[in-house]
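What follows is the residue order along each chain.
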Amino acid sequence: MLAVERHERILEQLDKNKIIKVSELSKLLDVTEKTIRGDLEILEKRGLLKRIHGGAVLVEDEGRMLPIAERQLGHSDVKEAIAREAVKLIQPNDTILMDGGSTTIAIAKLLGAFPITVITNDLKIANVLLSKHNVRLMVLGGTRIDSSSSLMGAQATEMLSKMRVNRLFFGTTGVSIEHGLTVFNSIHADWKKQIIACADHITLLADSTKFEKVALIQFASIQDVNEIVTDTNLDETIKENLRDREINLHFAEI
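Our subject in this report is the structure included herewith. Every value quoted in this text rests on a predicted model; they were computed, and no experiment measured them.

The rules behind each value
Residues numbered from 1 in each chain as written. Predicted model: local features only at pLDDT ≥ 70, side-chain atom pairs only at ≥ 80, totals over all residues. Heavy atoms only, no water. Helix = DSSP H or I, 4+ residues; strand = E, 2+ residues; numbered from the N terminus. Buried < 20%, exposed > 50% of the residue type's maximum accessible area, 1.4 Å probe, protein only. Pairing = 2+ DSSP bridges. Axes fitted to C-alpha atoms, helices over the stretch in contact; angles between N-to-C directions. Contact = heavy atoms within 4.5 Å.

What follows concerns the environment of R37. By the element assignment, R37 lies in helix α3 (residues 33–45). For R37, a relative accessible area of 44% gives the class partly exposed. Residues R37 and S26, spaced 11 residues apart in sequence, show a C-alpha to C-alpha distance of 9.3 Å.

Okay, here's the thing in structure tokens:
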């Protein structure tokens, strides 16, 4: 097992259990406790966990990226504001690709005023759009990953390879000028690489708390993004760095 695969499994266990033990991880991953301690040291340096005697726990600060479920439920007002700003970018008869996520679900709820085509792999987004007569809906097939509402796999990849869309709306776990866009899961990273490749215009949806955060696996550089919809709390230095890279910024008032 590669180190990045171990790190992914370690963070999965931490996300589920809030505390992890070296001895249990050693058995689970079939490596020595020395190897696990080295892994935990690396992950602590990256700010993804805090080591304790015999194991590790979640980082205790407001900007932490775990647990994932708690993070996804937070900042709902900000996400809805970002969604309202993002909808302004959509033109009648556009074909848009929407990745799964709480902000893209909020966008889906606002659609329907004019005709568009929406392609998605997310069952929650599809359910929201079912009753909207102005939305031509296409759902990518695949297999549900864990408890998420997104479908991924060979079937979805094959369908994507034959498509070209006007605009992609998607999110990420971490956004960094230096380290790009990152997530915790390799399956999600591979998927996001694929959806970026089939869109003419790449629109990232990210609230200000996600900036200068780095998760485990990079799937794109910041230069791969055409524009970002975020909120007005974004740091001024980050704004300048993004504009220097000719990335368009749209700010949701909160």
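With that out of the way, let us pick up the pairing of strand β9 (residues 165–170). Burial analysis of β9 places five of its six residues in the buried class, the great majority of the element. In this structure, strand β4 (residues 95–98) lies alongside β9, joined through three bridges in parallel fashion. Looking at β9, one finds that L97 is bridged to L168. Bridge count for β9 against strand β12 (residues 199–205) is five bridges, and the pairing is parallel. Bridge pairing links F170 to L204 in β12.

Pairing within the open sheet is antiparallel, and its three strands lie in the order β1-β3-β2. Of all the strands in the sheet, the pair left with one neighbour each is β1 (19–21) and β2 (50–52). Across this sheet, the average inter-strand angle for adjacent strands is 25 degrees, counted without regard to direction. Looking at chain direction, β1 and strand β3 (residues 55–57) are connected through three bridges and run antiparallel. Looking across to β3, one finds that I20 is bridged to A56. Sitting on the sheet, helix α2 (residues 22–29) is in contact with β1 and β3, with an inclination near 70 degrees to β1. With respect to the sheet, α3 is in contact with β1, β2 and β3, its orientation differing from that of β2 by roughly 140 degrees.

For the rest of this paragraph, the subject is the sheet that holds strand β13 (residues 217–220). Each strand in a sheet pairs with another by means of backbone hydrogen bonds, the pair being arranged parallel or else antiparallel. Here we have three strands laid out as an open sheet, ordered β10-β11-β13, and antiparallel in their pairing. On the outer flanks of this sheet lie β10 (174–176) and β13, each paired with one strand and no other. Strand-to-strand twist in this sheet, taken as the mean axis angle between neighbours without regard to direction, amounts to 35 degrees. As paired strands, β10 and strand β11 (residues 180–183) are joined by three bridges and run antiparallel to one another. When the bridges of β11 are listed, G174 appears paired with T182. Where helix α9 (residues 186–197) meets the sheet, it contacts β11 and β13, and its direction lies at approximately 10 degrees from that of β13.

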